[in-house]
Amino acid sequence: MALRPLAGTAEISEYFDIPVKSVRDQAHRRVGVGRYAFRVGRYLRWDWSDIDAFVESQKRAHAEVA
């Protein structure tokens, strides 16, 4: 399996269609998608496999409520 490049703040913002400020805020507060962020130097990065797992967990949680 080929490694996918790490995602930056702009990519996460675009992927979830939320403002960049919201992505940074979630990372700072360690909530939502921000809990999977880590720093590479001064930049926030996400591993796409963590994002995929987050999306699946949100789908399962929503299905259980419905």
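Look a little higher up for the structure.
From a predicted model like this one, the values you see are computed outputs, not experimental measurements. (Residues numbered from 1 in each chain as written. Predicted model: local features only at pLDDT ≥ 70, side-chain atom pairs only at ≥ 80, totals over all residues. Heavy atoms only, no water.)

Tell me what's going on with a nonpolar patch on the surface, and back it up with residues and numbers.
A cluster of nonpolar side chains, Leu6, Phe38 and Val40, forms an exposed patch at the surface whose accessible area comes to about 230 Å². Residue classification places Leu6 among the partly exposed positions, given a relative accessible area of 41%. (Patch = residues over 30% accessible without salt bridge, like charges linked within 9 Å, V, L, I, M, F, W, Y side chains within 5 Å. Areas by Shrake-Rupley, 256 points an atom, 1.4 Å probe, with all protein chains shown as cover. Salt bridge = Lys/Arg side-chain N within 4 Å of Asp/Glu carboxyl O. Buried < 20%, exposed > 50% of the residue type's maximum accessible area, 1.4 Å probe, protein only.)

Describe the environment of Val55, naming the residues involved and giving the relevant values.
As for its position among the elements, Val55 is in helix α3 (residues 48–65). Distance in space between the C-alpha atoms of Val55 and Val33 is 8.9 Å, their sequence separation being 22 residues. Ignoring any residue separated from it by four or fewer positions in sequence, one finds Val55 in contact with Tyr15 and Phe16. (Helix = DSSP H or I, 4+ residues; strand = E, 2+ residues; numbered from the N terminus. Contact = heavy atoms within 4.5 Å.)

Quick rundown of the pattern of salt bridges? Include the residues and the values.
Applying the stated criterion across every chain, the model contains three salt bridges. Where Arg4 meets Asp52, a salt bridge forms, and the shortest distance between an N and an O atom there is 3.3 Å. Here Arg4 is found in the segment before α1 (9–16), whereas its partner Asp52 is found in helix α3, with 48 residues between them in sequence. For Arg4, a relative accessible area of 47% corresponds to the partly exposed category.

Kindly report on the nonpolar core, identifying the contributing residues and their values.
Within the largest apolar cluster, twelve residues are counted, these being Ala7, Ile12, Val23, Ala27, Val33, Ala37, Leu44, Trp46, Trp48, Ile51, Phe54 and Val55. At the level of secondary structure, the elements contributing two or more residues to this core comprise α2 (20–29) and α3. A total of four residues in this core trace back to one element, the largest contributor, which is α3. When near neighbours in sequence (up to four residues on either side) are disregarded, Ala27 contacts Gly34, Ala37, Leu44 and Trp46. (Core = buried A, V, L, I, M, F, W, Y, C linked by side-chain atoms within 4.5 Å.)

Just give me the short version of the environment of Asp50, but keep the residues and values in it.
With respect to the helices, strands and loops of the structure, Asp50 is situated in helix α3. Take Asp50: its relative accessible area is 28%, and that puts it in the partly exposed class. When the C-alpha atoms of Asp50 and Ala63 are compared, they prove to be 20 Å apart, with 13 residues separating the residues in sequence.

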